[in-house]
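Spelled out, the chains give:
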Amino acid sequence: MSGDIINDLAALEQLYGKPAAPSVFKEVSYIHPAYRPFIEAAPFAALSTVGPDGMDVSPRGDPAGFIQIEDEKTLLLPDRRGNNRIDSLRNILHDNRVALLLLIPGIGETLRINGRAEIVVTPAVLQRFAHRNQLPRSVLRIRVEAVFFQCSRAILRSGLWEEGRRLERSALPSPGQILAAVSQTRFDGEEYDNALPQRLKDTLY
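Residues numbered from 1 in each chain as written. Predicted model: local features only at pLDDT ≥ 70, side-chain atom pairs only at ≥ 80, totals over all residues. Heavy atoms only, no water.

A. Fine view of the pattern of salt bridges. Applying the stated rule across the entire model yields ten salt bridges. The partner of Glu 162 in a salt bridge is Arg 165, with the nearest N and O atoms 3.5 Å apart. What makes Arg 165 partly exposed here is its relative accessible area of 48%. Residues joined in a network through salt bridges with shared partners are Glu 70, Glu 118, Arg 128 and Arg 141. (Salt bridge = Lys/Arg side-chain N within 4 Å of Asp/Glu carboxyl O. Buried < 20%, exposed > 50% of the residue type's maximum accessible area, 1.4 Å probe, protein only.)

B. Expanded view of the layout of surface pockets. Roughly 1,100 Å³ of volume is contained in the largest pocket. For the lining of the largest pocket, the elements supplying multiple residues, two or more each, are strand 2 (54–61), strand 4 (74–79) and helix 4 (87–94). Top contributing element to the lining of the largest pocket by residue count: strand 2, with six residues. When the residues that make up the lining of the largest pocket are grouped by side-chain class, the tally is eleven nonpolar, nine polar and nine charged. (1 Å grid on protein atoms, 1.4 Å probe; cavity = no way out; pocket = protein on both sides within 12 Å on 5 of 7 lines; lining within 4 Å. Points joined across faces, edges and corners; volume = space filled by probe spheres on them. Helix = DSSP H or I, 4+ residues; strand = E, 2+ residues; numbered from the N terminus. Nonpolar A, V, L, I, M, F, W, Y, C, P; charged D, E, K, R; others polar.)

C. Geometry of the pairing of strand 3 (residues 68–71). For strand 3 and strand 4, the ladder comprises three bridges, and the chain directions are antiparallel. When the sheet's bridge partners are listed, Ile 69 is paired in strand 4 with Leu 75. The antiparallel hairpin formed by strand 3 and strand 4 contains two residues in its connecting segment. (Pairing = 2+ DSSP bridges.)

D. How the structure looks around a nonpolar patch on the surface. Together, Leu 9, Leu 12, Leu 15 and Tyr 16 make up a nonpolar patch on the protein surface, roughly 470 Å² of accessible area in all. One can find Tyr 16 in helix 1 (residues 9–16). (Patch = residues over 30% accessible without salt bridge, like charges linked within 9 Å, V, L, I, M, F, W, Y side chains within 5 Å. Areas by Shrake-Rupley, 256 points an atom, 1.4 Å probe, with all protein chains shown as cover.)

E. Examining the packing of aromatic side chains more closely. Applying the stated rule across the entire model yields one aromatic pair. Here Lys 26 stacks its cationic end above the ring of Phe 149, 4.8 Å away from the centre of that ring. Over the ring of Tyr 192 we find Arg 199, and its NZ or CZ is 4.5 Å from the ring centre. (Phe/Tyr/Trp six-rings, centres within 6.5 Å; stacked < 30°, edge-to-face > 60°. Lys NZ or Arg CZ within 6 Å of the ring centre and 35° of its normal.)

F. Quick look at the packing of helix 7 (residues 175–182) against helix 8 (residues 189–203). Two elements in contact, helix 7 and helix 8, have axes whose closest approach is 7 Å; the angle formed by their N-to-C orientations is 155°. With respect to their mutual orientation, helix 7 and helix 8 come out roughly antiparallel. With respect to the hand of their crossing, helix 7 and helix 8 are arranged in right-handed fashion. Residues Pro 175, Gly 176, Gln 177, Leu 179 and Ala 180 of helix 7 form the contact with helix 8, whose own contacting residues are Gly 189, Tyr 192, Asp 193 and Leu 196. For the contact of helix 7 with helix 8, the per-class residue count stands at five nonpolar, three polar and one charged. (Axes fitted to C-alpha atoms, helices over the stretch in contact; angles between N-to-C directions. Parallel < 35°, antiparallel > 145°, perpendicular 65-115°, else oblique. Left-handed = near helix turned anticlockwise from the far one by under 90°. Contact = heavy atoms within 4.5 Å.)

Pasting the structure below:
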């Protein structure tokens, strides 16, 4: 430790102390039956990857059950229609390590999953994720290496699921306003915002 900055493991461990026993033994290397219901109930996940240009966290969402459990060591995650940046997929080609954080509305505990992914385009696998007659472009097959739940402190502190905590959309810049601002008004943000609701409806899948 140097001054106000911690830069070695010993100093870090001295600051925080040993982890509580439950926080250690809750981690398993497979999809334990106690963790399966969390995966089946989750309609949202944050997918974390790392690549040559840095890290990325990308949202994934669909009706609950969209993450399929192939077996106790394997998950399937569809890649739905998006903006074609494919940051996560580019990263996986470089480094196949991934992490998932699963959120379930109304539930304080989250589920964390670490593993390694491959990009699958097998027609039979894609067909398993057909929705409104649309197939995902690809599916991530994730080989699970660690699964554990995170306690509810962060959710409770944030008040994420509390009634009355939702912001009105008008409280923050709209997508069009953001695009106009970052492009220094070279982009017609008002036109973008006007067309956005119908475009989202038409291109959701």
